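# A look at the structure
Spelled out, the chains give:
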Amino acid sequence: QVQVVESGGGLVQAGGSLRLSCAAYGRTFRSYAVGWFRQAPGKEREFVAAISWTGGNTYYGDSVKGRFTISRVNAKTVYLQMNSLKPEDTAVYYCAAKDGVTDSEVTTNGYRYWGQGTQVTVSS
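Every value quoted in this text rests on a predicted model; they were computed, and no experiment measured them.

Moving on to the packing of aromatic side chains. Evaluation of the coordinates by the stated rule reveals six aromatic pairs. Through pairs of rings, three or more aromatic residues link up here, namely Phe37, Phe47, Tyr59, Tyr111 and Trp114. Of note, Arg19 hangs over the ring of Tyr79, and the distance from its end group to the ring centre comes to 4.0 Å. It is Arg45 that lies over the ring of Phe37; its NZ or CZ is 5.7 Å from the centre.

Here it is, written out as structure tokens:
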């Protein structure tokens, strides 16, 4: 099974940008859909973005559409480029992988393999 590790979080001012990385260990992300989720204090976990294992399809949550971009860099790395950040984007961001998917599948649920999370803080 794949192990997932996030990196790239930090503190940024509103309007700024950050790029999060999601790395696969043990296996590659081949045949896995990959998604990003976030959870702010006192709130439920929220879907952010997902990409099919071929990289051909992407899907975004309404709150980040047009500002965030998910992409596959290679077989072991997925990026989440976050632009025009807002204070409400502050959260712990988690990367997750889902196996048993079709070539074009993007999904908001059913992820089995999760990383430990990386903190993103956007100051006003």
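Next comes the rest of the description.
This model, assessed by the stated rule, comprises six salt bridges. Here Lys98 ties to Glu105 by a salt bridge, and the two come within 3.3 Å at their closest N and O atoms. Taking relative accessible area as the criterion, Lys98 reaches 13% and is therefore assigned buried. With a closest N to O distance of 2.8 Å, Asp99 and Arg112 form a salt bridge. Pair noted here: Asp99 is in the loop between strand S9 (91-98) and strand S10 (113-114) and Arg112 is in the loop between S9 and S10, with a separation of 13 residues, a long-range link. Judged by relative accessible area, which is 25%, Asp99 ranks as partly exposed. Overall, the relative accessible area of 54% leaves Arg112 in the exposed class. One connected set of salt bridges, linked through shared partners, spans Arg38, Glu46, Arg67 and Asp89.

With 30 residues, the main nonpolar core has Phe29, Trp36, Leu80, Met82 and Tyr93 as its most contacted residues. Mapped by element, the contributors of at least two residues to this core are strand S3 (18-25), strand S4 (33-39), strand S5 (46-51), strand S7 (68-74), strand S8 (77-82), S9 and strand S11 (118-123). Beyond its immediate chain neighbours, meaning those up to four positions away, Met82 contacts Gly16, Ser17, Leu18, Leu20, Arg67, Phe68, Tyr93 and Val120. Listed in part, the eight residues of the second largest apolar core include Ala33, Ala50, Ala96 and Val101.

As a further point, take the state of the cysteines. One pass over the full model with this rule turns up one disulfide. Cys22 shares a disulfide with Cys95; S-S distance 1.9 Å. The S-S bond linking Cys22 to Cys95 shows a torsion near -80°; that makes this disulfide left-handed. Pair noted here: Cys22 is in strand S3 and Cys95 is in strand S9, with a separation of 73 residues, a long-range link. Classification of Cys22 by relative accessible area gives buried; the value is 0%.

Reading the values: the criteria
Residues numbered from 1 in each chain as written. Predicted model: local features only at pLDDT ≥ 70, side-chain atom pairs only at ≥ 80, totals over all residues. Heavy atoms only, no water. Phe/Tyr/Trp six-rings, centres within 6.5 Å; stacked < 30°, edge-to-face > 60°. Lys NZ or Arg CZ within 6 Å of the ring centre and 35° of its normal. Salt bridge = Lys/Arg side-chain N within 4 Å of Asp/Glu carboxyl O. Buried < 20%, exposed > 50% of the residue type's maximum accessible area, 1.4 Å probe, protein only. Helix = DSSP H or I, 4+ residues; strand = E, 2+ residues; numbered from the N terminus. Core = buried A, V, L, I, M, F, W, Y, C linked by side-chain atoms within 4.5 Å. Contact = heavy atoms within 4.5 Å. Disulfide = S-S within 2.5 Å.

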